[in-house]
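Below, each chain spelled out in residue letters.
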Amino acid sequence: MKKRSGIPGFVYVLGVFTIISVAGIGTALGIAMAETVNIMNQENFQEFAPALPTKILDINGILITEFSADEKRELVSLASLPRHLIFAVLAREDPDFYKHKGFSIRGIARAAYGLVTGQNLGGGSTITQQVAGTLYTDRSERKISRKVRELWWALQMERRYTKNEILEIYLNYMYMGPGVYGVEAASKYFFGHSAKDISLAEAAILVIQLSSPAKYNPLDNPNTAMDRQLSVLNRMVELGYTTKADADASFDEYWESYDYTRVSQAAYYNRDDKAPWFSEYVRRELDGMMYKTMDYYRDGYTVYTTLDLNFQDAAQRYMLEGITRANKEYRVSSGNRLVRAERMYIPIVDLLSIAFDVNILRGTSQERNQTRALNRYTKMVNPVIDLAALAFGLDGMKDISNAGFIELKASTEESVVEGALILIENETGYIKALIGGSKYDENNQLIRATQGHVMPGSSFKPLYYSAAIDSGKFTPSSMIYDVPVVFHNEDGTPYIPLNFRGEWKGQVLLYDALAQSMNVPSLKILDTIGFDTAIDRAALLLGISDPNIKRRTFPHLYPIGLGTISIAPIQMARAFAVFANEGREVVPMAIRYIENRNGTVIFDNEREIRLKQRQKGSAAQLISPQNAYVMTGLLKKTVEIGTLGGQGAKFVFLNDKGERFHIAAAGKTGTTQNWSDAWTVGFTPYYTTAIWFGFDKPGNSLGLTLTGATLAGPIWGSFMREVHRGLPAREFKRPESGVVDIRVCAKSGQLLTPACNQGDVVLTFLDKFRPTEYCSYHDARSEYRTHLAVDSLRGGISTFDDGEILSGLKMPALDISQLPSVQPRLPAANMNNIPEDEPQLDLSLPTLDDFELPSYNPLMD
């Protein structure tokens, strides 16, 4: 056989494949044309399947909402559009549009090559084929027969219409954003003006919507849109449609005036919706799954979701209660702080500024008055100006009112408490309830449960405690000292953590340190196991696999041990659900599968997720069942004796016989520094729920009374009680081996002795790291150990009279009369009127009985 010189084998095979494909398509077209008796005398591009709404159903088949076919579409003639918009479309979608006959061999070959090599080289469809596919076929159908029909109709359109007419159809009918069709409606939606007035940079933004409106929406993903916009402009320069100078100038002008405060909004806000936050999340998921193949405003799909409307109703009620209470208490507490500052400190500052001529201090009163005036304007005057501008068409006045609303929005983001909730079924990952904020509307669309990257505070601690348990360096009964400590970061900067209210507990056991959310013991654990070990485990549980995101999320600094990172509630729910799911991966899921208008399943999302999990094999077991069970035992202590102690009674129910039974529950609270965020993440054998309260922008404090334990905790307990009604009793599944329950001394964490008289506790340990030493804390330990050893030790024993030795030890006398007298500087008349929330002075002197002399511990600093 003669060797083909100079032609790589792969290229040769690809060429043969392309020729066969083209020949096959040609044959199919020939057969179709031969069988066509009478082609339509006049094709009408408006004659296609009637618009039907897409239905969103909950887990029980109950209708949540419909994405209706109320479209934003305005027809515009090709002749009225600027040339640079036409050129942008051609450069991006079909440079050979005016040369081919409806299809492009080069485009088909490029798409085939990309398919074979796994590269994203774009599709092979021309503009004519895209129009034909949109009007006459179902583009969600991924079959060769559909591509043949699309090509067939493209040839018919080329026969019946001119190139300009086809391009005009394309620019008026293609889907280009949330509920908008065609360049005219899209231009008004994105830029606020007609496509006739579109700039070069705006044209580039507009045409990239044709390929993926969800991915390249500049309101949702400005950075991604910017990159693709730049590539279109460069392509236009390359083809000679514009100059480099004009492209750069237009690009810079667009982004210099870009409004980053605006968010994307769909054209369906007046619809009936039983779960608007969840529906919007589903809409965005659909955009990501089915972009460019699915028009859910017209094509009549049915989306089967994981939501349980009964759970969602409960979530909406309890979150509304929590958000209302939080805002009320925040306004009262912040108002009291401002009043106290204005009455006591600002007059003093003003007096000092006048007395010493310090101008920088003198501005305090002026700034206060300016702030008051601005608040009054934005809340009272600006709405009137906006109404007048709309009523009389005063564009200049409208610009002023828009600026006022932007200022009001910024102020609101910093001063209004928001909240989020997400409930996940442990075994399936089903999202059965989701609340993204207070009220979903055009001005409040940030789905905080999935998009709100906020600090998790102490609710983050269990993620690296899990790594500590596996390391063997710590067990649930390890003794750690909760005392003031200075940690030094890698750059040498000191970090001094504080506990809530500045209290210190001395020696504590690990399980109690976690249940009571102590900071210093947690950072000692982090310091001992190392940043890399802690970060790897946290990232694994949170589902963060990208090295760049992991590096940005977890700096090697001690504050991360207290949850000073940016995480969404859905990620925290996912991580805790792994503990409840015996260490197996949990993938949150909102969409199960999708049917077209004919009842055919066109996308099975749950099947895809399960297939990927099976392909992972043992990698889907993120942590061992034993580690998950030990961590669950630790987090149960939070509900029993810790910061969620008041919620445990909510998991007691009555069966049909009136008998009480209990459903196991575990969790962790979190309150960030400055009390700006309040969390509770908790789970049962059935479900995991994450709840967050806080501000969209940092800067304000919820106050001492609004914490994870006092605000998020009660909402979590009440909500979880309601969703568990009617369920049978269940405990967390215990591994068949590898774990052991041991009763230990509550003081030392070691095995019990007869002298242990300060209580005991049953804890779950990894079997290989079970405690082996008897309690060395209590006074009788020496005698107890002597009795244990007496049978094994014979002869050569030296005996000392410890009583004689101790009687010879004398403590130095303390002459209290020689100490300086310290009196509090408080008026006698006011001694009984100290507010309860103010720190009070302890004037008593300590006695020797107040001091504990702990035994040596290697973890003590």
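Criteria and thresholds
- Residues numbered from 1 in each chain as written.
- Predicted model: local features only at pLDDT ≥ 70, side-chain atom pairs only at ≥ 80, totals over all residues.
- Heavy atoms only, no water.
- Salt bridge = Lys/Arg side-chain N within 4 Å of Asp/Glu carboxyl O.
- Helix = DSSP H or I, 4+ residues; strand = E, 2+ residues; numbered from the N terminus.
- Buried < 20%, exposed > 50% of the residue type's maximum accessible area, 1.4 Å probe, protein only.
- Pairing = 2+ DSSP bridges.
- Axes fitted to C-alpha atoms, helices over the stretch in contact; angles between N-to-C directions.
- Contact = heavy atoms within 4.5 Å.
- Parallel < 35°, antiparallel > 145°, perpendicular 65-115°, else oblique.
- Left-handed = near helix turned anticlockwise from the far one by under 90°.
- Nonpolar A, V, L, I, M, F, W, Y, C, P; charged D, E, K, R; others polar.
- 1 Å grid on protein atoms, 1.4 Å probe; cavity = no way out; pocket = protein on both sides within 12 Å on 5 of 7 lines; lining within 4 Å.
- Points joined across faces, edges and corners; volume = space filled by probe spheres on them.

*Asks:* Any details on the pattern of salt bridges? Residues and values, ideally.
*Replies:* All told, the structure shown has 23 salt bridges when counted by the stated rule. For Asp470, the salt bridge is made with Arg537, and the minimal N-O distance between the two is 3.0 Å. Taken together, the residues span a long stretch of sequence, with Asp470 in helix 15 (residues 461-471) and Arg537 in helix 18 (residues 531-542) at a distance of 67 residues. Given a relative accessible area of 15%, Arg537 falls into the buried group. Each of the salt bridges in this network shares a partner with another, and the network as a whole consists of Glu280, Arg283, Arg284 and Asp287.

*Asks:* Any details on the sheet that holds strand 7 (residues 418-425)? Residues and values, ideally.
*Replies:* As summarised here, the arrangement of the five strands in space is 8-7-19-18-17, forming an open sheet in which the pairing is antiparallel. Strands with a single pairing partner mark the edges of an open sheet, and in this sheet they are strand 8 (431-435) and strand 17 (666-671). This sheet shows a mean twist of 5° between the axes of neighbouring strands, independent of strand direction. For strand 18 (residues 677-683) and strand 19 (residues 687-694), the ladder comprises seven bridges, and the chain directions are antiparallel. Within the sheet, the bridge partner assigned to Phe683 lies in strand 19 and is Thr688. Where helix 23 (residues 708-723) meets the sheet, its contacts fall on strand 7, strand 8, strand 17, strand 18 and strand 19, and the angle it forms with strand 18 comes to roughly 30°.

*Asks:* Report on the pairing of strand 21 (residues 760-766), specifying residues and quantitative values.
*Replies:* Strand 21 sits mainly inside the fold: five of its seven residues count as buried. Here seven bridges tie strand 20 (residues 739-745) to strand 21, and the two strands are oriented antiparallel to one another. Residue Cys745 lies in a different strand from strand 21, and its bridge partner there is Asp760.

*Asks:* Pulling in residues and values, what's your account of the packing of helix 4 (residues 127-136) against helix 6 (residues 163-173)?
*Replies:* It is at 10 Å that the axes of helix 4 and helix 6 come closest, and there the two elements cross at 55°. Classified by the interaxial angle, the pair formed by helix 4 and helix 6 is oblique. Read as a crossing pair, helix 4 and helix 6 show a hand that is left-handed. Residues Ile127, Thr128, Gln130, Val131 and Leu135 of helix 4 form the contact with helix 6, whose participating residues are Lys163, Ile166, Leu167, Ile169 and Tyr170. Taken together, the residues of the contact of helix 4 with helix 6 sort by class into seven nonpolar, two polar and one charged.

*Asks:* Requested: an account of empty space enclosed by the protein, with residues and values cited.
*Replies:* In the structure shown here, the tally under the stated rule is three cavities of 30 Å³ or more. Taken as a whole, the largest cavity encloses approximately 70 Å³ of empty space. If you trace the largest cavity, you find it lined by Phe579, Ala580, Glu582, Pro625, Ala628, Tyr629, Thr632, Phe732, Lys733 and Pro735. Elements with a minimum of two residues in the lining of the largest cavity: helix 20 (569-580) and helix 22 (625-640). Per-element tally for the lining of the largest cavity: the top contributor is helix 22, with four residues. For the lining of the largest cavity, the residue count by class is seven nonpolar, one polar and two charged.

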